[in-house]
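Tertiary structure, described
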Amino acid sequence: ISSQVMRLSDSLVRRLRDYFRQKHKQRDSGGYKNLLQMMSPALQAEVAVMNNNQWVGSIRFLKPLPEDQLQHLTVMLGLELDHMLYPHGEQIIQKEQELDRLYTIQNGTVLQG
């Protein structure tokens with residue numbers, strides 16, 4: 001179905017195209033969590049640390065943790081994280097919203113208003 005038939009603005013068409021490109025990339029990497037769960041605990045830990053150590057270590061409030069605790073947290077996060085994808089310009093959190101999860105930004109910009 002063309003954008004003219006659906007009467008979509010050029011801006012919305014671009015946002016949709018970008019979103020589905022990113023969604024396709026995300027789907028390609030979606031088996032990571034399943035692969036981790038099939039591994040032995042030692043392999044899970046090694047792979048999770050290698051894949052998540054850099055970004056977990058860059059979180060300011062975690063820097064004071066002893067190395068063994070930081071590594072344990074990194075493994076747990078690697079096993080439990082769910083990747084979400086939000087289109088450009090979409091509001092993710094409402095002002096005054098009570099949060100029940102930690103958001104990390106892999107790519108993009110967060111604006112506080």
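Residues numbered from 1 in each chain as written. Predicted model: local features only at pLDDT ≥ 70, side-chain atom pairs only at ≥ 80, totals over all residues. Heavy atoms only, no water.

**Digging into the side chain of threonine 74**
Where we set the bar: By the criteria applied, helices consist of DSSP H or I runs no shorter than four residues and strands consist of E runs no shorter than two, each listed in order from the N terminus. Throughout this description, a polar contact denotes any pair of N or O atoms lying within 3.5 Å of each other; where both atoms belong to protein, one of them has to be capable of donating a hydrogen while the other can accept it, and for residues adjacent in sequence the pair is counted only when both atoms sit in side chains. Between two residues, a contact is recorded if the distance between any of their heavy atoms is within 4.5 Å.
Its place among the elements puts threonine 74 in helix 5 (residues 67-80). Here the side chain of threonine 74 touches leucine 70 through a polar contact of 2.7 Å, landing on its backbone oxygen. Discounting residues that sit within four places of it in the chain, threonine 74 has contacts with Ala48, Val49, Asn52, Asn53 and Val56.

**Here we look at the side chain of asparagine 52**
Worth spelling out the cut-off: Under the scheme applied here, a residue whose accessible area is under 20% of the maximum for its type counts as buried, over 50% as exposed, and between as partly exposed, the area being computed with a 1.4 Å probe on protein chains only.
Turning to its location among the elements, asparagine 52 is positioned in helix 4 (residues 41-57). Given the relative accessible area of 7%, asparagine 52 is considered buried. Among the polar contacts listed, one links the side chain of asparagine 52 to the backbone oxygen of alanine 48, at a separation of 2.9 Å. Excluding its chain neighbours within four sequence positions, the residues that come into contact with asparagine 52 are Tyr32, Thr74, Gly78 and Leu81.

**Looking at helix 5**
Let me state the cut-off plainly: Expected span of a helix: the number of residues minus one, times 1.5 Å.
Under the 1.5 Å per step criterion, the end-to-end length of helix 5 is 20 Å for 14 residues, consistent within 8% with the ideal 20 Å. Among all positions in helix 5, only Leu70, Thr74, Val75, Leu77, Gly78 and Leu79 are buried. Buried residues belonging to helix 5 abut helix 3 (32-38) and helix 4.

**Some thoughts on unusual backbone geometry**
A positive phi is found at glutamate 96, a non-glycine position, where the angle reads about 70°. Along the polypeptide, glutamate 96 turns up in the segment after helix 5.

**Some details on the packing of aromatic side chains**
What counts, and what does not: Working definition: a ring pair exists when centres of Phe, Tyr or Trp rings (six-membered ring for Trp) sit within 6.5 Å. Plane angles under 30 degrees give stacked, over 60 give edge-to-face, the rest tilted.
In the structure shown here, the tally under the stated rule is one aromatic pair. On the numbers, 5.2 Å between centres and 80° between planes, the contact of tyrosine 19 with phenylalanine 20 is edge-to-face. Overall, the relative accessible area of 21% leaves tyrosine 19 in the partly exposed class. Judged by relative accessible area, phenylalanine 20 falls into the exposed class, the value being 52%.

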